[in-house]
Amino acid sequence: METRVAVIGIIVEKKESAQEVNKALSEYRDYIIGRMGLPYEKKQINCITVIVDAPQDIINTLCGKLGNIDGVSSKAAYSNV
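These numbers were taken from a predicted model, which means no experiment stands behind them.

Student: Just give me the short version of the pairing of strand β2 (residues 32-40), but keep the residues and values in it.
Tutor: Looking along a regular strand, one sees side chains alternate from face to face of the sheet. Sheet topology note: the β2/strand β3 (residues 45-54) ladder contains 8 bridges and is antiparallel. Note on β3: the bridge partner recorded for Leu38 is Cys47. What sits between β2 and β3 in their antiparallel hairpin is a turn of 4 residues, with Gln44 showing a positive phi close to 60°.

Right, here's the structure in full:
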């Protein structure tokens, strides 16, 4: 199956949702190339960037699963390669 490289941007606005985010990312760990998370204390949020190489439907599913967690927003940007 053809894969695509994508960057998923995740914003966690509720600290109690972090565990669910980590659980979802753990389920898709085989597709994750890298991950970086930064707390932004001024706004009391956490920003996470995840780079994946996966089939588009897997990326969409992961992004949707993350976006359905209370207090979490996610968006994917795809490469053209």
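Next, the rest of the story.
Student: Describe the packing of helix α1 (residues 18-27) against helix α2 (residues 56-67), listing the residues and the values that go with them.
Tutor: Contact geometry for α1 and α2: axes closest at 10 Å, N-to-C directions at 170°. Regarding the angle of α1 to α2, the classification is roughly antiparallel. Note on packing geometry: the crossing formed by α1 with α2 is right-handed. From α1, Val21, Ala24, Leu25 and Glu27 reach across to α2, where they touch Leu62, Lys65 and Leu66. Counted by class, the contact of α1 with α2 contains 5 nonpolar, no polar and 2 charged residues.

Student: Give a detailed account of α2, specifying residues and quantitative values.
Tutor: Its 12 residues give α2 an end-to-end C-alpha distance of 16 Å, which sits within 8% of 16 Å, the value for a rise of 1.5 Å per residue. For α2, the set of buried residues is Ile59, Leu62, Cys63 and Leu66. In an axial view of α2, the angular spread of the buried residues amounts to 95°, which keeps them on one side of the axis. In the core, the buried residues of α2 are packed alongside β1 (4-12), α1, β3 and β4 (72-78).

Student: Which residues make up the sheet that holds β2, and what are the values?
Tutor: What holds strands together in a sheet is hydrogen bonding between their backbones, with the strands either parallel or antiparallel. On the basis of which strands lie adjacent, the open sheet formed by 4 strands has the order β2-β3-β1-β4 and antiparallel pairing. The open sheet has two edge strands with one neighbour each: β2 and β4. For this sheet the average axis-to-axis angle between neighbouring strands, irrespective of direction, equals 15°. Across 7 bridges, β1 lies against β4 in antiparallel orientation. Residue pairing in the sheet places Ile8 in a bridge with Ala76 of β4. Sheet strands touched by α2: β1, β3 and β4. Its angle to β4, the strand with the most contacts, is close to 160°.

Rules of the game
Residues numbered from 1 in each chain as written. Predicted model: local features only at pLDDT ≥ 70, side-chain atom pairs only at ≥ 80, totals over all residues. Heavy atoms only, no water. Pairing = 2+ DSSP bridges. Helix = DSSP H or I, 4+ residues; strand = E, 2+ residues; numbered from the N terminus. Axes fitted to C-alpha atoms, helices over the stretch in contact; angles between N-to-C directions. Parallel < 35°, antiparallel > 145°, perpendicular 65-115°, else oblique. Left-handed = near helix turned anticlockwise from the far one by under 90°. Contact = heavy atoms within 4.5 Å. Nonpolar A, V, L, I, M, F, W, Y, C, P; charged D, E, K, R; others polar. Expected span 1.5 Å × (residues − 1). Buried < 20%, exposed > 50% of the residue type's maximum accessible area, 1.4 Å probe, protein only. Arc of directions from axis to C-beta.

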